[in-house]
Amino acid sequence: MASSPSRSTRSPTAKKKRIPEDGSSRSNPNEVAVTHLQWELEVDFDESILRAEARYTIRRVDSMAPWLSLDTAKLHIESVTDQTGKELEWSLHAEEPGKGYLGSQLDIEIPDSVTQVAIKYETSPQSTALQWLHPSQTVGKEYPYVYSQCQAIHARSLLPCQDRPGVKFTYRAKTRVPSWAVCVMGAVQIHSFEDDHKFGKVSVWMQDVPVPSYLIAIAVGQLERKEISSRCALWSEPAIADIAANEFSETEDFLRTAESIAGISYVWGRYDLLCLPPSFPFGGMENPCLTFVTPTLLAGDKSLVGTIAHEIAHSWTGNLVTNATWDHFWLNEGWTKWFERKIMARIRNDERYIDLDAIGGYKMLRDTVNNKDMPPEWTKLVTNFGDVDPDSAYSIVAYEKGFNLLMALERRVGTDAFEKFFRDYLKNFANSTLTSYDFRDFCMSYFSRHNNNLRDFDWDSWFHDPGMPPDEPHFDRTWSMEAENLAEAWIAVDRNGEPAPSVSIQSWTSNQKVSFLDTLQILTGNQPLQIGTLNSLHKEYGFGESQNAEILFRYCQLALAAEDESILLVVLHFVTSQGRMKFTRTLYRAMFASKKFRNIAKAAFLENREFYHSTTAKLIASDLLQIEKRDGGISMLVDKAQVSCAKAYTALASMVAETGMSWEMSFAVAALVTGVIGLIMTQRTQ
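Note that the structure is a prediction, hence the values are computed from the model and not measured.

*Asks:* Residues and numbers for the sheet that holds strand β3 (residues 67-72), please.
*Replies:* Strand order in the open sheet made by the three strands is β3-β6-β5, with antiparallel pairing throughout. Whereas interior strands pair on both sides, the edge strands pair on one side only; in this sheet they are β3 and β5 (90-92). In this sheet, neighbouring strand axes are inclined to one another by 15° on average, regardless of whether the strands run parallel or antiparallel. When β3 meets strand β6 (residues 104-109), the two strands line up antiparallel, connected through six bridges. Its bridge partner being in β6, Leu-68 is matched across the sheet by Ile-108.

Below, the structure written as structure tokens:
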């Protein structure tokens, strides 16, 4: 039976333990810590800003501390007062040259009598935490939309805060939005009402479980609610509400399964899902009470719902127990990947699911580590970012290398013992934060009492060596073997002219199909498949028209590696119709790396960059500059002919998608357009 952890009203920052130094923040929680936030805000779609007041209750860690330091970015500070309304002295530092992502440090003088600090301010249209969407960027095309994404250090552009995961606080919020709109938050709604005087809706929210700033979340738009269970609901634009609710109908089952594994009841009250517009940069974001998810999960057959299991798992690993700094990000994501796979194995009633999914994860990890533009420091499990932008280092490493460390421990001590350890780990660290060394010490102390199988475990190599894990995992390949054998048969077709295998994969799971395509990528290496082989693959299995984004993504990778021009329409529609970084950034990289596709990809990106979330656009631009620098030139410039070509291609890609044009017809159209573009480019270079 699951039990609830202690839910003391005392903030975790009240513990004597010093909060680790965090180069990504200029706040001072080891001197003065925030413990509770009272937040009032009004959403202004006309100006693309929030008008707000953030009122913090503070605790003096150092009784002699003269000021409270908060992180801000692109905020207009109007006034700062204490709990009585008396104005306080404050100063805003200038941004550090070359480090605009850190924002501006706000220092507030706090005489001995000050227990609360209230800051009136406005956000900027350039806030990196908020994406403001025009009606044309939404599904309904009628109303605007705004949503937040605060991880890793973007909360400071939403509100002044101690923007570091090592600081947790509770909060209450009061939101005012236009009368046509619905507001949702990463908190429990207490009540709402219409304000006839100001022609808007007012809602009051409560988050009584302490959270770090990166887990504050808000979204406002034309939204509809669909009930899944008594504690779960689906929110989305009305046009896709029924589709999304059906896709995620297993959410309550996932939640109950997670509780049975964790041994601790779900403490956040509600678990709702918000299916966002397609520009959302991640598969999901684990905001408490309200997980944000991408519409790329809507495959129509529930084949991609593992992401929901991942975000549910974060309710314990990441949200309840949190990495103290971003250098220890794997404690959030490695544990959550482990927990996700445990949940899905129980849901599918087959433990082999863990290994099948982990095989694909290990392949993605290897691809990331082998990326020549990936700094070795960023492939370590425990990093030392200093004040580098954490977004720049974001990758699969924390997820999959972290997962493999945990599985290495589990194999040593046994599954039953390790799952019991997991439950005790959650109970011990609930509502607090920790570093990798805290985890190591707890783990070694725990198992020294139960068994001694970890006495020679090489923590130093796991934590600090760059590259792949020090121990090669041994996966159960029962489920993947059939997919791997079929991939080898197609390699024989491509390399040796063998007859195409007559193997039906209609009954395969999406994970098995992904395993097949992953194996093809591994086996082809630096020698891509022939275009004829790719065409045969598509004709046999229809990968290029798959509604499953994971399958389509991998097929596009294979085709781009072969410089198959006929795939360009599919790829351009894929990367300009959704903004999930896993897909979009990777496919742009592949096009940027090809001299045949680079200019058209560059022009397509520049033409569509306003569609993407600011983080996505920033990282894609960085990828392009790195590739061009490596190839001997640095330029983001494209001429009018290239932009026109990109517009023609993306418009054509949309037409193909909307009209359902056959693959063969799109091939012919793509070949024609490519020929015309090639002629234009040739003439311009003569």
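*Asks:* An account of the nonpolar core is requested, with residue identities and associated values reported.
*Replies:* If you look at the biggest cluster of nonpolar residues, it comprises 156 residues, and the most contacted ones within it are Trp-39, Trp-316, Leu-405, Tyr-425 and Phe-439. Examining the composition of this core, we find that 10 residues originate from one element, helix α6 (residues 397-413), more than from any other. Residue contacts for Leu-405: discarding those within four places in its chain leaves Trp-330, Leu-381, Phe-439, Phe-457, Trp-459, Trp-462 and Phe-463. Grouped together as the second largest cluster of nonpolar side chains are 52 residues, Ala-487, Ala-562, Phe-583 and Leu-606 included.

*Asks:* Describe the pattern of salt bridges, listing the residues and the values that go with them.
*Replies:* The tally for this structure, following the rule as stated, stands at 43 salt bridges. For the salt bridge of Arg-156 with Asp-163, the shortest nitrogen-to-oxygen distance reads 2.9 Å. For Arg-156, a relative accessible area of 1% puts it in the buried group. Of the residues examined, Asp-163 reaches a relative accessible area of 1% and is grouped as buried. With its nearest N and O atoms 3.0 Å apart, the salt bridge here joins Glu-259 to Arg-231. Here the residue Glu-259 occupies a position in helix α2 (residues 251-262), and Arg-231 occupies one in the loop between β15 (224-227) and β16 (233-236), the gap between them amounting to 28 residues. Under the relative-accessibility criterion, Glu-259 is labelled buried at 13%. Among the charged side chains, a network of salt bridges with common partners joins Asp-518, Glu-550, Arg-554, Arg-580 and Lys-582.

*Asks:* Could you give an account of the pairing of strand β17 (residues 272-275), naming the residues involved and the relevant values?
*Replies:* Here β17 shows two buried faces, one formed by Asp-272 and Leu-274 and the other by Leu-273 and Cys-275. For β16 and β17, the ladder comprises two bridges, and the chain directions are parallel. Residue pairing for β17: Leu-234 is matched across the bridge by Leu-273. In terms of strand pairing, β17 meets strand β19 (residues 290-293) through four bridges, oriented parallel. Bridging across to β19, Cys-275 finds its partner in Val-293.

Here is what the cut-offs are and how they apply
Residues numbered from 1 in each chain as written. Predicted model: local features only at pLDDT ≥ 70, side-chain atom pairs only at ≥ 80, totals over all residues. Heavy atoms only, no water. Pairing = 2+ DSSP bridges. Helix = DSSP H or I, 4+ residues; strand = E, 2+ residues; numbered from the N terminus. Axes fitted to C-alpha atoms, helices over the stretch in contact; angles between N-to-C directions. Core = buried A, V, L, I, M, F, W, Y, C linked by side-chain atoms within 4.5 Å. Buried < 20%, exposed > 50% of the residue type's maximum accessible area, 1.4 Å probe, protein only. Contact = heavy atoms within 4.5 Å. Salt bridge = Lys/Arg side-chain N within 4 Å of Asp/Glu carboxyl O.

Function cannot be inferred from these measures alone, as they are strictly geometric.
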